[in-house]
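Breakdown of the fold
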Amino acid sequence: MSAYTTPPTSTYPNPSSRGSNKILRQQGRNSSEYREGSPARQSILEQDEVYRILNKFRLPSNERPRVVMITDLAKDYDDLLAMLVSKELHSLQLIILLGLIANLYPATERARFARGSLDSLGLNNIPVAIGTDGTPNPRKYPVYEYEFSNADFMPDDNTGIKSSGEKLLETLLRKANDKQVTLLLISSLKDITLFLKKGHRDLFCSKVSNVCMQGAFYVANNTFVPDNRGANTKWDYQSAQYFYTFLQEENIPFVVYGKLAAYSVVFGIETFKAMAKTGHSIGKYIKAAQVGQDKRFYKSSFLNEPGAMAIEAFLNAKTNWYDETRNKPIPHYDEIEKYLTKGIAYDAFAAFHCAGRHVVDAFGLVDWDSVVGKGQSTQTHIAIGVEPMGDRLKKSNIHPKPWGDVLRALFLGALQNTFEIDRKHVAELQEKCTKISSNSSYY
């Protein structure tokens, strides 16, 4: 089988969009921040160089990590970015994506979203199951319009979706060899905690080799403590406490990426436009969700709603407000859209780490000296971009610029390489919808 290389530009529907293949050169690998689109921005890695390096790590089937993803797709667009990364690692033969469990209310709709997005990426054989509502109080967290709008790849029924995430995970683990499975946990930890509590601790310990997560945690005296201010831990904080205690008691390897790492890699509007410009329905969805999601989040900040990001922090992380204005009043939430020029890819970091530390190190992505120096690493447990308890020195622990280049290359590559598959998938969904509508009209 020939090596999987850079997706061909011929998969673009419009020749004028081919320029998005190329990433500008970035000076200085060790800068504290990746700010795409800034005047000094030059890339370290072109897209074809990213794929050339990744191709060196292709593994025979029996040696690839088996990855099971538990995700709250559509709640934030970064889960879909993590799927794009996982899809490319799967296609490059660095991992085998075994299955996906969609949790968080409404879990059935999130599972449909997962089924449709996998199908549009050519991963029709990857099983999807419905997980839990993700939280003790699902009605506390509203479902926003941006979550499922513009998702042309999403089917209207549960065809091809398994009803129990617990049963799917048990089946996948039992079929795997010992210490062969990597869990990618980028949402509520309720599902995995209930799985353990229902008598599967021994199965977990025998089959799971390591866990990759995105979340909010403190590190105190070499103990990893969940922070209930982070989304993936606050959904069900008691489950987060239980699961992290379990991992440390059983000495199961894990790596967790925190917000300090994610916020040091800022993707400009250029990346979101490039994804939409591929013509892929997922690319178009991500671009629309980036605007819809951040408009809603800014409204929460503006109104000072419970749990919302501080308004100054939002404006700095997600907008060009401070770049474009001087001594003006903070913008009203109805005026924020034109300033939304930045995006964060939280969950994509943990997804890429599933390929293994040797792949991460091939690109020089993590500043391991700072991780160890701050007590954020034991022999088996690692926290990257997580602020140690009581330490005011915030450090991302990563080299942001190569991270930005690698992730951007994979985001675009996943979409470029499956454009024709996606077009066929969306056309089939539209045809099915038309037939149903015609039959309804007849009767």
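Predicted model only: the values in this text are computed from it and were never measured. (Residues numbered from 1 in each chain as written. Predicted model: local features only at pLDDT ≥ 70, side-chain atom pairs only at ≥ 80, totals over all residues. Heavy atoms only, no water.)

Some thoughts on the overall build of the chain
- When its secondary structure is counted, the chain shows 18 helices and 13 strands.
- Within the chain, buried positions represent 58% of all 443 residues.
- Taking all contacts inside the chain whose residues are at least 6 apart in sequence as the whole, residues at least 24 apart take part in 78%.
- Counting only carbon and sulfur atoms, one obtains 48% of the accessible surface of the chain, whose full area is about 18700 Å². (Helix = DSSP H or I, 4+ residues; strand = E, 2+ residues; numbered from the N terminus. Buried < 20%, exposed > 50% of the residue type's maximum accessible area, 1.4 Å probe, protein only. Contact = heavy atoms within 4.5 Å. Areas by Shrake-Rupley, 256 points an atom, 1.4 Å probe, with all protein chains shown as cover.)

Considerations on helix H17 (residues 400–416)
- In a regular helix each residue adds 1.5 Å, so 17 residues correspond to 24 Å; H17 covers 24 Å between its end C-alpha atoms and thus fits that length.
- Counting buried residues along H17, 17 of its 17 residues qualify, which places the element largely inside the surrounding structure. (Expected span 1.5 Å × (residues − 1).)

Description of the pattern of salt bridges
- Enumeration over the complete set of coordinates arrives at 18 salt bridges.
- For Lys75, the salt bridge identified is with Glu147, shortest N-O distance 2.7 Å. Pair noted here: Lys75 is in the loop between strand E2 (66–71) and helix H2 (78–91) and Glu147 is in helix H4 (residues 145–148), with a separation of 72 residues, a long-range link.
- The class of Lys75 is buried, set by a relative accessible area of 7%.
- With relative accessibility at 0%, the residue Glu147 sits in the buried group.
- A salt bridge links Lys432 to Asp157, with the shortest nitrogen-to-oxygen separation between them at 2.6 Å. Highlighted residues: Lys432 in helix H18 (residues 419–442) and Asp157 in the loop between H4 and strand E5 (161–162), separated in sequence by 275 residues.
- We classify Asp157 as partly exposed; its relative accessible area is 24%.
- A cluster of three or more residues bridged by salt bridges with shared partners is formed by Lys75, Arg110 and Glu147. (Salt bridge = Lys/Arg side-chain N within 4 Å of Asp/Glu carboxyl O.)

Describing the packing of aromatic side chains
- Taken as a whole, this structure holds 26 aromatic pairs when the rule is applied.
- Residues Phe349 and Trp403 carry aromatic rings whose centres are separated by 4.8 Å and whose planes lie at 55° to one another, so their mutual orientation is tilted. Separated by 54 residues along the polypeptide, Phe349 in helix H14 (residues 346–353) and Trp403 in helix H17 bring together distant segments of the chain.
- Take Trp403: its relative accessible area is 0%, and that puts it in the buried class.
- By the ring-pair criterion, three or more aromatic residues cluster together here, those being Phe204, Phe217, Phe224, Phe243, Tyr244, Phe246 and Phe254.
- Here the guanidinium or amino end of Lys234 rests over the ring plane of Trp235, the centre of that ring lying 5.9 Å away.
- Positioned above the aromatic ring of Trp368, the side-chain terminus of Arg357 is 3.7 Å from the ring centre. (Phe/Tyr/Trp six-rings, centres within 6.5 Å; stacked < 30°, edge-to-face > 60°. Lys NZ or Arg CZ within 6 Å of the ring centre and 35° of its normal.)

Concerning the sheet that holds strand E3 (residues 96–102)
- Taken in spatial order, the eight strands line up as E5-E4-E3-E2-E6-E7-E10-E13 in an open sheet, and their pairing is parallel. Single-partner strands in this sheet number two, and they are E5 and strand E13 (381–384).
- Pairing of E2 with E3, which is carried by six bridges, proceeds in the parallel orientation. Pairing of Arg66 across the sheet is with Ile96, part of E3.
- Sheet strands touched by helix H6 (residues 190–207): E3, strand E6 (181–186) and strand E7 (208–214). Its angle to E7, the strand with the most contacts, is close to 140°.
- In the packing of helix H8 (residues 237–249) onto the sheet, contacts are made with E6, E7, strand E10 (254–257) and E13, and the angle to E7 comes to roughly 140°. (Pairing = 2+ DSSP bridges. Axes fitted to C-alpha atoms, helices over the stretch in contact; angles between N-to-C directions.)

A look at the pairing of E10
- Of the two faces of E10, the one carrying Phe254 and Val256 and the one carrying Val255 and Tyr257 are both buried.
- Pairing geometry for E7 and E10, over four bridges, is parallel. Across the sheet, residue Val211 finds its bridge partner in E10, namely Phe254.
- Sheet topology places E10 next to E13; four bridges connect them, and they run parallel. Bridge assignment links Phe254 to a residue of E13, and that residue is His381.

Side note on H14
- With eight of eight residues buried, H14 is to be regarded as a mostly interior element.
- Along H14, the residues that are buried comprise Tyr346, Asp347, Ala348, Phe349, Ala350, Ala351, Phe352 and His353.

Concerning the packing of H2 against helix H11 (residues 281–302)
- Where H2 contacts H11, the axes come no closer than 10 Å and their chain directions differ by 150°. Considering their axes alone, H2 and H11 lie roughly antiparallel with respect to each other. The chirality of how H2 crosses H11 is left-handed. The residues of H11 that touch H2, namely those facing Leu80, Leu81 and Leu84, are Ile282, Tyr285 and Ile286.
- Of the residues belonging to the contact of H2 with H11, the class tally is six nonpolar, no polar and no charged. (Parallel < 35°, antiparallel > 145°, perpendicular 65-115°, else oblique. Left-handed = near helix turned anticlockwise from the far one by under 90°. Nonpolar A, V, L, I, M, F, W, Y, C, P; charged D, E, K, R; others polar.)

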